[in-house]
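What follows is the residue order along each chain.
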Amino acid sequence: MSEFIQKDKTAKRRDLRVATACFVFVGAMVGAAYASVPLYQLFCQVTGYGGTTKRVEQASDVILDRKINVTFDANVSNGLNWEFRPVDKQVSPRIGETVEIRYVATNHSSRPVTGEAIFNVTPGEAGAYFNKVQCFCFTETTLQPGETMEMPVVFFVDPAIVDAEETKGLGTITLSYTFYPREDQKPVAALSAGEEVGQPKL
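Parameters at a glance
- Residues numbered from 1 in each chain as written.
- Predicted model: local features only at pLDDT ≥ 70, side-chain atom pairs only at ≥ 80, totals over all residues.
- Heavy atoms only, no water.
- Buried < 20%, exposed > 50% of the residue type's maximum accessible area, 1.4 Å probe, protein only.
- Helix = DSSP H or I, 4+ residues; strand = E, 2+ residues; numbered from the N terminus.
- Pairing = 2+ DSSP bridges.
- Contact = heavy atoms within 4.5 Å.
- Salt bridge = Lys/Arg side-chain N within 4 Å of Asp/Glu carboxyl O.
- Phe/Tyr/Trp six-rings, centres within 6.5 Å; stacked < 30°, edge-to-face > 60°.
- Disulfide = S-S within 2.5 Å.
- Core = buried A, V, L, I, M, F, W, Y, C linked by side-chain atoms within 4.5 Å.

Glancing now at the pairing of strand β6 (residues 113-122). Counting buried positions along β6 yields 7 of 10 residues, so the element is predominantly enclosed. With 8 bridges connecting them, β6 and strand β10 (residues 172-181) associate as antiparallel partners. Residue pairing in the sheet places Glu116 in a bridge with Tyr180 of β10.

If you want it as structure tokens, here you go:
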């Protein structure tokens, strides 16, 4: 009898530990969900992880004779009634040279709309060497009805790119931006049929 009671107590303790571990795990996941976006943005900007460019405060003081092609891509997510495109589709700066290019966005809806852009670089190995001095990424951008806005990007390619085994022969880098509607705006799933974020209900 005492052996049965002991086993029952052991089982209850085990169940309590499992329940506690599950509670802690769920709590950690909820916390991570709130922190994941800003932490991921910070991590990527510092490290260039996954093709994400790094943010720097000053330009390179080393400029090589070798040039590299940089092309530009623009995308808009579903539900955002904007036109978004690069003004300059390609540049060929010297490696280490600071360059300014521009993107342009137009709000085709009849009400103010706020969007936010994310970005990446391909191939992914180049992300750690693509340094932005000025950028509109991860910043709320509000356009009035019919408004067009030019958005500059100032960048340089780190001369160290020619030393790394995986990038030393690289000839072209692509910088890509995608604009999304801000999460605090009316979600697409809540819109009535035929209505878009940034597009008024008829």
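Right, picking up where we left off after that structure.
What follows is about the environment of Leu170. On the secondary structure map, Leu170 appears in the loop between β9 (148-157) and β10. Put simply, Leu170 and Ala126 are 44 residues apart on the chain and 8.4 Å apart in space, counted from C-alpha to C-alpha. Excluding residues that lie within four positions of it along the chain, Leu170 makes contacts with Arg66, Ile68, Pro123, Ala126 and Ile161.

Here the focus is the pairing of β9. Where strand β5 (residues 99-107) lies against β9, 8 bridges are found, and the strand directions are antiparallel. In the strand pairing of β9, Glu100 is matched with Val154. When strand β7 (residues 130-134) meets β9, the two strands line up antiparallel, connected through 4 bridges. Pairing of Gln134 across the sheet is with Val154, part of β9.

This part takes up the sheet that holds β10. Overall, mixed pairing links the 5 strands, which are arranged β4-β2-β10-β6-β8 in an open sheet. Every interior strand has two partners, whereas the edge strands, β4 (90-91) and β8 (141-143), have only one. Where strand β2 (residues 69-76) lies against β10, 8 bridges are found, and the strand directions are parallel. By the bridge assignment, Phe72 is partnered in β10 with Leu175.

Under the definition given, this model contains 5 salt bridges. In this structure, the salt-bridge partner of Arg182 is Glu140, at a minimum N-O distance of 3.3 Å. Of this pair, Arg182 sits in the segment after β10 while Glu140 sits in the loop between β7 and β8, placing them 42 residues apart in sequence. A relative accessible area of 48% places Glu140 in the partly exposed class. Salt bridges sharing partners connect three or more residues here, namely Glu116, Glu140 and Arg182.

Bringing the packing of aromatic side chains into the picture now. To describe a pair of aromatic rings, you give the distance between the ring centres and the angle between the ring planes. For the coordinates displayed, the defined rule picks out 13 aromatic pairs. Relative to Phe136, the ring of Phe84 has its centre 6.2 Å away and its plane inclined at 90°; by these criteria the two rings are edge-to-face. Here Phe84, found in strand β3 (residues 82-86), pairs with Phe136, found in the loop between β7 and β8; they are 52 residues apart in sequence, far enough to count as distant. The exposure classification of Phe84 matches that of Phe136, with both residues buried. Ring plane angle 70° and centroid distance 5.0 Å describe the contact between Tyr103 and Tyr177, whose orientation is recorded as edge-to-face.

All right, on to the state of the cysteines then. All told, the structure shown has 1 disulfide when counted by the stated rule. The residue that forms a disulfide with Cys135 is Cys137, at a sulfur-sulfur distance of 2.5 Å. What makes Cys137 buried here is its relative accessible area of 5%.

Turning our attention to the nonpolar core. One broad rule of soluble globular proteins: the nonpolar side chains tend to lie buried together. Core analysis: the largest hydrophobic core is formed by 35 residues, its most contacted members being Phe84, Tyr103, Phe136, Phe155, Ile173 and Tyr177. Breaking this core down by element, the ones donating at least two residues are β2, β3, β5, β6, β9 and β10. Discounting chain neighbours no more than four positions away, the residues touching Phe136 are Phe84, Tyr103, Ala117, Met151, Pro152, Val153, Tyr177 and Phe179.

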